[in-house]
Amino acid sequence: MLKSFARPPKPTKDEIKARTEAEQAKLASNQIAIKEAKVPVMVIFEGWGAAGKGGVLSRVIKDMDPRFFEVATMGARPTEAELRRPFLWRYLVEVPEQGQFKFFDTWWKEEVTTGVLLGELDRDAYDRRIDSINVAERQLIDNGYLVMKFFFHITQKEQRSRLDALAADSYTSWRVNDDDWWENDHYDECLRVYDRYLRDTNRSSAPWYIIDSKDRAWATLQVLEFLNSGIETAIQNRGIAAPIRQNVFPLRRTVPLAEIPLDKELDDDEYKAQLKALQARLSELHNQVYLRRIPVIIAYEGWDAAGKGGNIKRITAALDPRGYRVHPIAKPEPHELARHYLWRFWRRLPKSGHIAIFDRTWYGRVMVERLEGLCSTNDWQRAYNEMNEFERELTDCGAVVIKFWVQIDKQTQLERFTDRQNTPEKQWKITDEDWRNREKWDLYEEAIDEMLRKTNTTFAPWHVLESNDKRYARIKALRIVVEALEAAVAEREGSAGEGA
């Protein structure tokens, strides 16, 4: 793209000024339209050092209402804390709310191309990053985001001239660093890497706009015209449903919930013996997980009163409280509803070596949100593949993902509801909503069976916990967690041995 870039005809100075003023006024008007349409807008500025991104940004936002946009600068080198989370994490936690603009001075391009140029990313690692980026951008767009991507292009000679001028001025010399000089000295190598990155991430739904940045005023006008055009198209098309994509991930066979026998039991002595042994082993493994920096995500879904809370308590009782966190997931808060539905889960992901336990999960999208009409049919039908992609991203980053469905029958649920209602210290556990959901048991069962069938992947399979006997379910969950962590630790040890 950069190698074949042809500079567009440049208007006269007076024409640039007149058109720029008109486009700035139009953007101010479009900002109101974006707020009313509740479209979140991400504007990404990439380009050569000293290409003028900051100056163009200042002119682009000149007439915008500052209450409804933000500017973020993403460094090319992630911090130590950021390196302990998945590659996409530090970017996706920054996405804006509906109706808001967010301008990014660099995005994931800098981290990826820098990794290639420094020899830190081989071809396979680069390809995985590109796939992650393309999937993430497509998910954002499918969920209503407008993503506008600009690359500010100048020649090696022009870049050198600007760097010299900046470095010679005591007020601007701080803006030039060793990376800028290195980039100019290795311009052809950088051009090759940048060009490949732009081609690999150029998609019809999120294309790259190459900006001729030799003249700053002309660069500003180009950005404004492309941005306004993109906004107007996004508002016009906001009601168009995104395509439902075919699952491409390997799936395991599932058994319908109604066919799962629930007569499995443990007597009290056997339960206590197994509980003690498994918790002791889990405590040992938690240390190993921390030392080897393995992130662990344990996700619980299940019927109301199925025993998720008690199950989680038997897991956490074996863990160092400094190394885990339990996330009870309730109805989304307004600021969560205003973003991509996976955003609130990305924010809660553990750093490497830590454990995150979710009491309710992202699967609410295809259960309660589906049945209560909290999202469109297209939204929940599209979500199966999106959640598989989310979990694939986590496991590709070395995380252990364990998913539990806690299963009871309808009669057992009624008995537990009644017990809660009639026991003062348990009454906080039962709500009118629980009784309403019970009336939709058959609809929920149908939705759950579909969820299990479409998201029971080989890399993040579902485990059904037969919980008519809570003791049996607790022991089964502990055993599954122990076995999964043992396998992860052994794999990490094997990898370390191969590299030695």
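Now for a quick tour of the structure. (Residues numbered from 1 in each chain as written. Predicted model: local features only at pLDDT ≥ 70, side-chain atom pairs only at ≥ 80, totals over all residues. Heavy atoms only, no water.)

This part takes up unusual backbone geometry. A positive phi angle, close to 60°, is found at K38, a residue other than glycine. You can see K38 is positioned in the loop between α1 (13-37) and β1 (41-47). On the accessibility criterion, K38 (54% relative accessible area) is exposed. The backbone of R293 sits at a positive phi, close to 55°, despite the residue not being glycine. Within the secondary structure, R293 is located in the loop between α11 (268-291) and β6 (296-302). (Helix = DSSP H or I, 4+ residues; strand = E, 2+ residues; numbered from the N terminus. Buried < 20%, exposed > 50% of the residue type's maximum accessible area, 1.4 Å probe, protein only.)

Evaluation of the coordinates by the stated rule reveals 29 aromatic pairs. Between Y300 and F404 the ring centres are 5.1 Å apart and the planes differ by 45°, which places this aromatic pair in the tilted class. Placement of Y300 in strand β6 and of F404 in strand β9 (residues 400-407) is noted, with a sequence separation of 104 residues between them. Judged on exposure class, the residue Y300 and its partner F404 are both buried. Grouped by ring-pair contacts, the aromatic residues F345, W346, F358, W362, Y363, F390 and W462 constitute a single cluster. When the ring centre of F87 is taken as origin, the NZ or CZ atom of R129, which lies over that ring, is 4.3 Å away. (Phe/Tyr/Trp six-rings, centres within 6.5 Å; stacked < 30°, edge-to-face > 60°. Lys NZ or Arg CZ within 6 Å of the ring centre and 35° of its normal.)

So, about the sheet that holds strand β4 (residues 146-153). Read from one edge of the open sheet, five strands run β2-β3-β1-β4-β5, paired in parallel fashion. Edge positions in the sheet fall to β2 (69-73) and β5 (208-212), since each of these pairs with one other strand and no more. Put simply, the sheet's adjacent strands are angled 20° from each other on average, direction ignored. The strands touched by helix α5 (residues 108-117) within the sheet are β1 and β4, with β1 carrying the most contacts at an inclination of about 35°. Packing against the sheet, helix α10 (residues 216-237) makes contact with β1, β3 (101-105), β4 and β5, and its axis sits at approximately 165° to β4. (Pairing = 2+ DSSP bridges. Axes fitted to C-alpha atoms, helices over the stretch in contact; angles between N-to-C directions. Contact = heavy atoms within 4.5 Å.)

Taking 1.5 Å per residue, 14 residues should reach 20 Å; helix α9 (residues 187-200) reaches 20 Å between its end C-alpha atoms and fits that length. Those residues of α9 that fall on the buried side of the exposure criterion are Y187, C190, L191, V193, Y194, D195, R196, Y197 and L198. Where the residues of α9 are buried, they touch α5, α6 (123-142), β4, α7 (156-168), α8 (178-185) and β5. (Expected span 1.5 Å × (residues − 1).)

Moving on to the packing of α6 against helix α16 (residues 377-396). The N-to-C vectors of α6 and α16 enclose an angle of 150°; their axes lie 11 Å apart at closest approach. As summarised for this structure, α6 and α16 are arranged roughly antiparallel, according to the angle between their axes. In this structure, α6 crosses over α16, and the sense of that crossing is left-handed. Contacts between α6 and α16 involve S132, V135, R138, Q139 and D142 on the former and, on the latter, R382, N385, E386, E389 and E393. Counted by class, the contact of α6 with α16 contains one nonpolar, three polar and six charged residues. (Parallel < 35°, antiparallel > 145°, perpendicular 65-115°, else oblique. Left-handed = near helix turned anticlockwise from the far one by under 90°. Nonpolar A, V, L, I, M, F, W, Y, C, P; charged D, E, K, R; others polar.)

Let us now look at the sheet that holds strand β10 (residues 462-466). Within the open sheet, the five strands sit side by side as β7-β8-β6-β9-β10. Their pairing is parallel. At either margin of the open sheet sits one strand with a lone partner, and together these are β7 (324-328) and β10. Across the sheet, the mean angle from the axis of one strand to that of its neighbour is 20°, orientation sign disregarded. Alignment of β6 against strand β8 (residues 355-359), held across five bridges, turns out to be parallel. From the neighbouring strand, I297 faces β8, where its bridge partner is A356. Most of the contacts of helix α12 (residues 308-316) go to β6, to which it runs at about 160°, and overall it touches β6, β7, β8, β9 and β10.

Within the secondary structure, S352 is located in the loop between α14 (343-346) and β8. With relative accessibility at 9%, the residue S352 sits in the buried group. Apart from residues no more than four positions distant in its own chain, S352 is found in contact with R84, R293, I294 and P295.

With that settled, the discussion passes to the side chain of R382. Here R382 shows up in helix α16. In this structure the side chain of R382 is engaged in a polar contact, spanning 3.2 Å, whose partner is the side chain of D379. For R382, the side chain forms a polar contact with the side chain of E386, separated by 2.9 Å. Apart from the residues within four sequence positions on either side, R382 is in contact with D142, N143, A242, P243 and I244. (Polar contact = N/O pair within 3.5 Å; in protein donor to acceptor, adjacent residues only side chain to side chain.)

Summed over the entire model, instances satisfying the criterion amount to 47 salt bridges. Across the pair E111 and R129 runs a salt bridge whose closest N-O atoms are separated by 3.9 Å. In this pair, E111 sits in helix α5 while R129 sits in helix α6, placing the two residues 18 residues apart along the sequence. The class of E111 is buried, set by a relative accessible area of 9%. Of the charged contacts, one joins D268 and R471 as a salt bridge, the two residues approaching to 3.6 Å between their closest N and O atoms. Of this pair, D268 sits in helix α11 while R471 sits in helix α20 (residues 470-499); the two residues are 203 residues apart in sequence, bridging distant segments of the chain. The exposure class assigned to D268 is partly exposed, which follows from its relative accessible area of 33%. Under the relative-accessibility criterion, R471 is labelled partly exposed at 28%. Through salt bridges that share partners, R365, E369, D379, R382 and E386 make up one connected network. (Salt bridge = Lys/Arg side-chain N within 4 Å of Asp/Glu carboxyl O.)

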